[in-house]
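As a plain string of letters, each chain reads:
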There are 2 protein chains.
Amino acid sequence: MDSLGDTIRKLRENKELPLRTVAAFLDIDQAILSKIERGQRKPSREQVVKLAEYFKVKENDLLVAWLSDKLVYEVEDEDMALKALQVAEERVKYITKNKGKK
Amino acid sequence: MDSLGDTIRKLRENKELPLRTVAAFLDIDQAILSKIERGQRKPSREQVVKLAEYFKVKENDLLVAWLSDKLVYEVEDEDMALKALQVAEERVKYITKNKGKK
DNA sequence: TTGTATTTTGACATAATTTGTCAAATTTAT
DNA sequence: ATAAATTTGACAAATTATGTCAAAATACAA
């Protein structure tokens, strides 16, 4: 269960590309991509979409990793992290079930 | 499964207190408390702790509601919200299991 | 080693978001 | 009708996010 950063780094290293190249495609400085890969910065949604396109992987897979990264980040130093995630899950189920209604 | 705002409002209305009073205790303008209760603003962790103290309810209960509110907010307009929450849950389990290790 | 490409780090600037105040408008209850 | 409570939105200040840049560190060849 890799974090998004790990995933991106593996994708890039498999193609033996330097940070410079991928960063140029994203139109950001390579320093930022370096930090993203090591989890020190959070990429934007748009950047994740671009990366999926660039590496030809399923956009949704990368977006799930990106979103869950953010979720983990949000709760990680709280004791009731798990509980909160479970409650959130219930609420999301409820919300999507009632989508479209009044 | 109420949101944090709903919970706070109910607690306040049960005691028949005006926004003014509770807001003064939190040391913020009543306008903000009004927005917090209706979910238009997110309270800080410290404010939630103070509210638990003020209304004499379990701090953790309120904090779980607060955290899950933030989680729902983060994913709510994404298609893969549920998936992301589930992945985050796995990751949090993994992290807490290995807490203390190298 | 020495040199060269890559990556990492941190200081800094700027942009975006948060967090709050305030006063006016609206609603609720007398 | 009026008085209290609540809501709204414009605004300001503070905080956080996002990026650039150059120097330092690391990896890799020769």
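Residues numbered from 1 in each chain as written. Chains lettered and ligands numbered in written order. Predicted model: local features only at pLDDT ≥ 70, side-chain atom pairs only at ≥ 80, totals over all residues. Heavy atoms only, no water.

A. Region of the structure containing the overall build of chain A. Summing up its helical and strand segments, chain A has six helices and zero strands in all. Across chain A, helices and strands are ordered from the amino to the carboxyl terminus as α-α-α-α-α-α. In terms of overall dimensions, chain A is more spread out than a globule: its C-alpha atoms have a radius of gyration of 16 Å, far above the 13 Å expected for 102 residues. Its C-alpha atoms put chain A at 45 × 35 × 20 Å along the principal axes. Across the 102 residues that make up chain A, the buried fraction comes to 41%. The contacts of chain A with a sequence gap of at least 6 include a subset with a gap of at least 24, amounting to 51%. With an accessible surface of roughly 6300 Å², chain A has 48% of that area assigned to carbon and sulfur atoms. Chain A carries 21 positive and 19 negative side-chain charges, and their two centres are separated by 6 Å. (Helix = DSSP H or I, 4+ residues; strand = E, 2+ residues; numbered from the N terminus. Rg over C-alpha atoms; globule rule 2.2 N^0.38 Å. Buried < 20%, exposed > 50% of the residue type's maximum accessible area, 1.4 Å probe, protein only. Contact = heavy atoms within 4.5 Å. Areas by Shrake-Rupley, 256 points an atom, 1.4 Å probe, with all protein chains shown as cover. Lys, Arg positive; Asp, Glu negative; His and termini not counted. Charge placed at Lys NZ, Arg CZ, Asp CG, Glu CD.)

B. Seen up close, the protein's contact with DNA strand D. In the vicinity of DNA strand D lie 18 residues, with A:Asp29, B:Leu19, B:Arg20, B:Gln30 and B:Arg38 positioned nearest. Backbone sugar and phosphate groups make up 54% of those atoms of DNA strand D lying within 4 Å of the protein. Side-chain polar atom of B:Arg12 to a phosphate oxygen of DNA strand D: 2.9 Å apart, as the coordinates give it. Note that a phosphate oxygen of DNA strand D is positioned 2.4 Å from one of the side-chain N or O atoms of B:Arg38. (Near = heavy atom within 4 Å. Polar contact = N/O pair within 3.5 Å; in protein donor to acceptor, adjacent residues only side chain to side chain.)

C. Main features of the layout of surface pockets. Its volume calculated, the largest pocket comes out at about 500 Å³. Taken together, 21 residues make up the lining of the largest pocket; nearest its centre are A:Arg91, B:Ser3, B:Asp69, B:Val72 and B:Glu76. Tallied by class, the residues present in the lining of the largest pocket amount to nine nonpolar, four polar and eight charged. Considered as a void within the structure, the second largest pocket measures approximately 420 Å³ in volume. (1 Å grid on protein atoms, 1.4 Å probe; cavity = no way out; pocket = protein on both sides within 12 Å on 5 of 7 lines; lining within 4 Å. Points joined across faces, edges and corners; volume = space filled by probe spheres on them. Nonpolar A, V, L, I, M, F, W, Y, C, P; charged D, E, K, R; others polar.)

D. Structural view of helix α4 (residues 45–55) of chain A. Residues and elements named next belong to chain A. Among all positions of α4, only Gln47, Val48, Leu51, Ala52, Tyr54 and Phe55 are buried. Within α4, the buried residues cover an arc of 165 degrees as seen down the axis, which keeps them to one side. Turned more than 90 degrees off the buried face of α4, the exposed positions are Glu46 and Glu53. Elements in contact with the buried residues of α4: α1 (4–14), α2 (19–26), α3 (30–37) and α5 (59–75). Lys56 lies just past α4 and shows a positive phi near 55 degrees. (Arc of directions from axis to C-beta.)

E. Region of the structure containing the interface of chain B and chain A. Taken together, the 33 residues of chain B in the interface contact 33 residues of chain A. When chain B packs against chain A, close to 3200 Å² is buried across both sides, 74% of that on carbon and sulfur atoms. Joining chain B to chain A, the criterion identifies six salt bridges. Across the pair B:Asp69 and A:Arg91 runs a salt bridge whose closest N-O atoms are separated by 2.1 Å. Counting every contact that joins chain B to chain A gives eight residue pairs in polar contact (both at pLDDT 80 or more). Those elements that provide at least two residues to the side of chain B that touches chain A are α5 (59–75) and α6 (81–97) of chain B. Per-element accounting of the side of chain B that touches chain A gives the leading share, 14 residues, to α6(B). (Buried area = accessible area lost by both parts, 1.4 Å probe. Salt bridge = Lys/Arg side-chain N within 4 Å of Asp/Glu carboxyl O.)

F. Spatial organisation of the relation of the copies chain B and chain A. Once turned by 180 degrees and shifted 0.0 Å along the axis, chain B lies on chain A with an RMSD of 0.0 Å. In short, the pair behaves as if placed about a two-fold rotation axis. Most of the interface of chain B is mirrored in chain A, where 100% of its interface residues are also at the interface. (Least-squares fit on C-alpha atoms with pLDDT ≥ 70 in both.)

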